[in-house]
Amino acid sequence: KAGVTQTPRYLIKTRGQQVTLSCSPISGHRSVSWYQQTPGQGLQFLFEYFSETQRNKGNFPGRFSGRQFSNSRSEMNVSTLELGDSALYLCASSSTGLISYEQYFGPGTRLTVT
Amino acid sequence: AQSVTQPDIHITVSEGASLELRCNYSYGATPYLFWYVQSPGQGLQLLLKYFSGDTLVQGIKGFEAEFKRSQSSFNLRKPSVHWSDAAEYFCAVGAGNTPLVFGKGTRLSVIA
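Position numbers for residues count from 1 along each chain, tracking the sequence in the order it is written. To read the labels, note that chains go from A and ligands from 1, taken in the order they are written. The predicted nature of this model means local features are confined to residues of pLDDT at least 70 and side-chain atom pairs, given and counted, to a pLDDT of 80 or more, with totals for whole chains, interfaces and linings taken over all residues. Note that water and hydrogens are dropped before the side-chain values are worked out from all heavy atoms of the structure.

Asks: Please clarify how the interface of chain A and chain B should be interpreted in this entry.
Replies: In what follows, residue pairs with any heavy atoms lying within 4.5 Å of each other are defined as contacts. Contacts between the two partners involve 22 residues from chain A and, on the opposite side, 21 residues from chain B. Computed with a 1.4 Å rolling probe, the buried area is the accessible surface lost when two parts are put together, summed over both parts. Summing the contributions of chain A and of chain B, the shared interface buries around 1700 Å²; its carbon and sulfur component is 56%. By salt bridge we mean one thing: a side-chain nitrogen of Lys or Arg within 4 Å of a carboxyl oxygen of Asp or Glu. Summed over the shared surface of chain A and chain B, the result is one salt bridge. Here Glu102(A) makes a salt bridge to Lys49(B), at a shortest N to O gap of 3.1 Å. N or O atoms closer than or at 3.5 Å make up a polar contact, with two conditions inside protein: a donor-capable atom paired with an acceptor-capable one, and, for residues adjacent in sequence, both atoms drawn from side chains. Our count for the contact surface shared by chain A and chain B stands at five residue pairs in polar contact (both at pLDDT 80 or more). Within the residue set of the side of chain A that touches chain B, elements represented by two or more residues are β4 (31-38), β5 (42-50), β6 (53-57), β9 (87-94) and β10 (103-105) of chain A. Amino acids outside the nonpolar list (Ala, Val, Leu, Ile, Met, Phe, Trp, Tyr, Cys, Pro) and the charged list (Asp, Glu, Lys, Arg) are all regarded as polar, and Gly is one of them. For the side of chain A that touches chain B, the class distribution of residues is ten nonpolar, nine polar and three charged. Segments assigned H or I by DSSP are reported as helices when at least four residues long, segments assigned E as strands when at least two residues long, and all are numbered from the N terminus.

What follows is the structure, encoded as structure tokens:
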């Protein structure tokens, strides 16, 4: 079975721009979660989608949004980028309906905002 | 609110030596507990998990962890460390439909 894939792997954007990141979960997995990882804050939960519905949301501003498609693929969007948005964005999928069951992570998208 | 503490930011061990990484959690209910490993530039890989039952759980790559409810701990151990174990290790806790909460991580260096 193919693992979680994320595209692109690396991205450089300018402050004020917007960006869209994509995540394809493991086949059959319906739950997709997004995390932001930075050296200072560590791993922080952004949001989780299950069957195209946002089921959980972390404490991030509204500039961060996401969606899930009927094939469980998910995208996250960050508008009006700030320097502090530079981070590794990780996507994780889960096979069960419970988010906290074991999650499988993708390799991440490294976003650099200049 | 739930929280996870990994007291050691960085640990250095010699190859072949034993390893113990500490994890303490604060959670209102009986949590699910996880250890993940992250190599540089990579995503997180699940090492092992505890849901219920036997408090000593075995994982991949020769790792094990012991859940101690009285100490709110879930320490990760390995009897003999290999150079390839050098990475960052994250403890995480969650339950049901609540998002996982991760510790800040412990970076493991392995010296010859």
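Asks: In this structure, what is going on with the state of the cysteines? I would like to understand it.
Replies: Residues and elements named next belong to chain A. The criterion for a disulfide is a pair of cysteine sulfur atoms lying within 2.5 Å. Applying the stated criterion across every chain yields a total of two disulfides over all chains. Two residues, cysteine 23 and cysteine 91, share a disulfide whose sulfurs are 1.7 Å apart. Across the S-S bond linking cysteine 23 and cysteine 91, the dihedral sits near -50°, which makes this disulfide left-handed. Highlighted residues: cysteine 23 in strand β3 (residues 19-24) and cysteine 91 in strand β9, separated in sequence by 68 residues. Accessible area is worked out with a 1.4 Å probe on protein chains only. A residue is then buried under 20% of its type maximum, exposed over 50%, and partly exposed in between. Judged by its relative accessible area of 0%, cysteine 23 falls in the buried class.

Asks: In this structure, what is going on with the sheet that holds β3(A)? I would like to understand it.
Replies: Sheet strands line up and pair through hydrogen bonds in the backbone, either parallel or antiparallel. Residues and elements named next belong to chain A. Strands sit in the order β1-β3-β8-β7 across an open sheet of four strands; the sheet is antiparallel. Two strands close off the open sheet at either side, each with one partner strand: β1 (5-7) and β7 (64-68). Taking each pair of neighbouring strands and ignoring which way they run, the sheet shows an average axis angle of 20°. Strand pairing requires that DSSP identify at least two bridges connecting the strands. In this structure, β1 lies alongside β3, joined through three bridges in antiparallel fashion. By the bridge assignment, glutamine 6 is partnered in β3 with cysteine 23. Helix axes are fitted only over the stretch in contact, all axes being lines through C-alpha atoms; the angle between N-to-C directions runs from 0 to 180 degrees.

Asks: Looking at this model, I keep getting lost on the side chain of Ser22(A). Mind explaining?
Replies: All names here are of chain A. Structurally, the position occupied by serine 22 is in strand β3. Given a relative accessible area of 13%, serine 22 falls into the buried group. One polar contact links serine 22 to arginine 73, side chain to side chain, over a distance of 2.9 Å. Ignoring any residue separated from it by four or fewer positions in sequence, one finds serine 22 in contact with Thr5, Gln6, Thr7, Trp34, Arg73, Ser74 and Glu75.

Asks: What am I meant to see in the pairing of strand β2 (residues 10-14) of chain B here?
Replies: Look at any regular strand and the pattern is simple: side chains alternate between the two faces of the sheet. All names here are of chain B. Only one face of β2 is covered, namely the face carrying Ile11 and Val13; the face carrying His10, Thr12 and Ser14 is uncovered. Direction of pairing for β2 relative to strand β12 (residues 106-111): parallel, over a ladder of five bridges. Directly across from histidine 10, in β12, lies its bridge partner arginine 107.

Asks: Which parts of the structure should I look at to understand the packing of aromatic side chains?
Replies: In this description, an aromatic ring pair is defined by two values, namely the gap between the centres and the angle between the planes. Whether two aromatic rings pair depends on their centres lying within 6.5 Å, for rings of Phe, Tyr and Trp, where Trp uses its six-membered ring; planes under 30 degrees apart make the pair stacked, over 60 edge-to-face, and the rest tilted. In the structure shown here, the tally under the stated rule is 15 aromatic pairs over all chains. An angle of 50° between the planes, with centres 5.6 Å apart, marks the rings of Phe63(B) and Tyr89(B) as tilted. Linking Phe63(B) in the loop between β7 (56-58) and β8 (64-68) with Tyr89(B) in strand β10 (residues 87-94), this pair joins segments that are 26 residues apart in sequence. An identical accessibility class is assigned to Phe63(B) and Tyr89(B); each is buried. Connected via pairs of aromatic rings, a cluster forms that spans Tyr35(A), Phe45(A), Phe105(A), Tyr32(B), Phe34(B), Tyr36(B), Phe51(B) and Phe102(B). One Lys or Arg, Arg55(A), reaches over the ring of Phe50(A) and ends 4.4 Å from the middle of that ring. In this analysis the charged atom, NZ for Lys or CZ for Arg, is taken to sit over a ring once it is within 6 Å of the ring centre and within 35 degrees of the ring normal.

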